Amino acid sequence: MLARSKIQSLVWVGIGTISLVTGIVGIFLPLLPTTPFLLLTAFCYARGSPHLHARLLAHPRFGKPILDWEKGRVIRIQVKWLVTLMMVGFGTRCLQMQL
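Residues numbered from 1 in each chain as written. Predicted model: local features only at pLDDT ≥ 70, side-chain atom pairs only at ≥ 80, totals over all residues. Heavy atoms only, no water.

## Considerations on the overall build of the chain
When you go through the chain residue by residue, the secondary structure sums to five helices and zero strands. Across the chain, helices and strands are ordered from the amino to the carboxyl terminus as α-α-α-α-α. Relative to the globule expectation of 13 Å for 99 residues, the C-alpha radius of gyration of the chain, 16 Å, shows a markedly less compact shape. Here the analysis covers contacts within the chain between residues at least 6 apart in sequence; of these, 42% occur between residues at least 24 apart. (Helix = DSSP H or I, 4+ residues; strand = E, 2+ residues; numbered from the N terminus. Rg over C-alpha atoms; globule rule 2.2 N^0.38 Å. Contact = heavy atoms within 4.5 Å.)

Below, the structure written as structure tokens:
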């Protein structure tokens, strides 16, 4: 039973790490969302490694939004406005470049 628990933990941590890397790549690629991958990372780390989950929540950039989501299933209004403005700016730039 202990071996199965260890394997499950490793699987959760592995999926969480892949999700984290994908989320970080999403910071630089406009069409790849970051937030869902970071939330998936938090979900996986919570099940596979409480230590990694705590480190993720303590992160200065990513910790606060993940905590907001875990506590109340909300994304702060400032973040929503920022993302909306970024999408409008990106779309405008694409239209200017005639993409």
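## A look at the pattern of salt bridges
Per the stated rule, a full pass over the model turns up one salt bridge. In this structure, Asp68 and Lys64 form a salt bridge, with 2.9 Å as the shortest nitrogen-oxygen distance. Of this pair, Asp68 and Lys64 are both found in helix α4 (residues 63-72), four residues apart, which corresponds to roughly one turn of the helix. (Salt bridge = Lys/Arg side-chain N within 4 Å of Asp/Glu carboxyl O.)

## A word on the nonpolar core
Counting eight residues, the largest nonpolar core consists of Leu20, Leu38, Ala42, Tyr45, Leu56, Leu57, Phe62 and Ile66. At the level of secondary structure, the elements contributing two or more residues to this core comprise α2 (35-48) and α3 (50-58). The element that contributes the greatest number of residues to this core is α2, accounting for three residues. Each residue touching Leu56, except ones within four places of it in the same chain, is listed here: Leu20, Leu38, Thr41, Ala42, Tyr45, Phe62, Gly63 and Ile66. (Core = buried A, V, L, I, M, F, W, Y, C linked by side-chain atoms within 4.5 Å. Buried < 20%, exposed > 50% of the residue type's maximum accessible area, 1.4 Å probe, protein only.)

## Examining the layout of surface pockets
Size it by volume and the largest pocket reaches roughly 1,100 Å³. If you trace the largest pocket, you find 32 residues lining it, with Thr34, Thr35, Val79, Val83 and Met86 closest to the centre. Of all the secondary-structure elements, those providing two or more residues to the lining of the largest pocket are α1 (2-28), α2, α4 and α5 (77-97). Broken down by element, the residue count for the lining of the largest pocket peaks at nine residues, all from α5. The class makeup of the residues in the lining of the largest pocket is 22 nonpolar, five polar and five charged. (1 Å grid on protein atoms, 1.4 Å probe; cavity = no way out; pocket = protein on both sides within 12 Å on 5 of 7 lines; lining within 4 Å. Points joined across faces, edges and corners; volume = space filled by probe spheres on them. Nonpolar A, V, L, I, M, F, W, Y, C, P; charged D, E, K, R; others polar.)

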